[in-house]
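What follows is each chain in one-letter form.
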Amino acid sequence: EVQLVESGGGLVQPGGSLRLSCSTSGFTLRSHAIHWVRQAPGKGLDYVSGISSDGASTYYADSVKGRFTISRDNIKRTLYLQMSSLRVEDTAVYYCVTDKLYDSGGYYLYYFDSWGQGTLVTVSS
Amino acid sequence: IQMTQSPSSLSASVGDRVTITCRASQMIASYLNWYQQKPGKAPKVLIYASSNLHRGVPSRFSGSGSGTDFTLTISSLQPEDFATYFCQQSYSAPMYTFGQGTKLEMK
């Protein structure tokens, strides 16, 4: 069974830093890109960041570029999201997500297959 | 790519047929996925590539569309279907974007 368990959330002041972790089990981690998606209280889903299966490529939403850094340790089976210069608007539940490739024969696409339970980050003074 | 869902909220009764619409700001072929989220829980994938039912998802759920306009249909609402639904485009992966969500409430 695929399991993704986020940790590291909490209360932090504006301008502060926090590192989120995502511990994984039940699947071949080195074969999957992993992503972070966040959800502000009562709001919709926002894509935050992603990292390729080998860690060579990383992706960031414009809203976090230059402030957040994603990384992975395939041996420890853990993903990280280092967040700095945090803003009030970064307050959200952060989900760790795996993607799955669908090959239709004519094209292929990815969708978000498994999600963690989320960890809450609150940025407030 | 902007994704716009309608309606933002919807009241319906058990047994009703319900349709939710998602529109993309540009052509995305069939690169459209649907998720269901219940309060306090993580989202779950329902449909991928516009019309493919994810494993374990009841057949009362269906999806259709291509290009810019997509629909999610629940043929006969069950009590467990009251939730919030999100569409997501993966055309511009890895820069994914979601619709704002449609909250399906019991009438």
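Everything that follows concerns the structure shown earlier in this document.
Residues numbered from 1 in each chain as written. Chains lettered and ligands numbered in written order. Predicted model: local features only at pLDDT ≥ 70, side-chain atom pairs only at ≥ 80, totals over all residues. Heavy atoms only, no water.

**Points about the packing of aromatic side chains**
Applying the stated rule across the entire model yields 14 aromatic pairs over all chains. Ring geometry for Tyr102 of chain A against Tyr48 of chain B: centres 5.0 Å apart, planes inclined by 65°, an arrangement best described as edge-to-face. Here Tyr48 of chain B lies in strand β5 (residues 44-48) and Tyr102 of chain A lies in strand β9 (residues 92-103), a pairing that spans two chains. An angle of 75° between the planes, with centres 6.0 Å apart, marks the rings of Phe112 of chain A and Trp115 of chain A as edge-to-face. Phe112 of chain A gets classed as buried once you look at its relative accessible area, which sits at 0%. For Trp115 of chain A, a relative accessible area of 12% translates into the label buried. Sitting over the face of the ring of Phe27 of chain A, Arg77 of chain A holds its NZ or CZ atom 5.5 Å from the ring centroid. (Phe/Tyr/Trp six-rings, centres within 6.5 Å; stacked < 30°, edge-to-face > 60°. Helix = DSSP H or I, 4+ residues; strand = E, 2+ residues; numbered from the N terminus. Buried < 20%, exposed > 50% of the residue type's maximum accessible area, 1.4 Å probe, protein only. Lys NZ or Arg CZ within 6 Å of the ring centre and 35° of its normal.)

**Remarks on the sheet that holds strand β8 (residues 69-74) of chain B**
Residues and elements named next belong to chain B. Read from one edge to the other, the open sheet built from four strands follows the order β1-β3-β8-β7, with strand pairing classed as antiparallel. Of all the strands in the sheet, just β1 (3-6) and β7 (61-66) have a single pairing partner and so form its edges. Direction aside, neighbouring strands of the sheet carry axes that sit 15° apart on average. Relative to strand β3 (residues 18-24), β1 is paired through four bridges, and the arrangement is antiparallel. Along β3, the bridge assignment pairs Gln5 with Cys22. (Pairing = 2+ DSSP bridges. Axes fitted to C-alpha atoms, helices over the stretch in contact; angles between N-to-C directions.)

Just distances and angles here, no functional claims.
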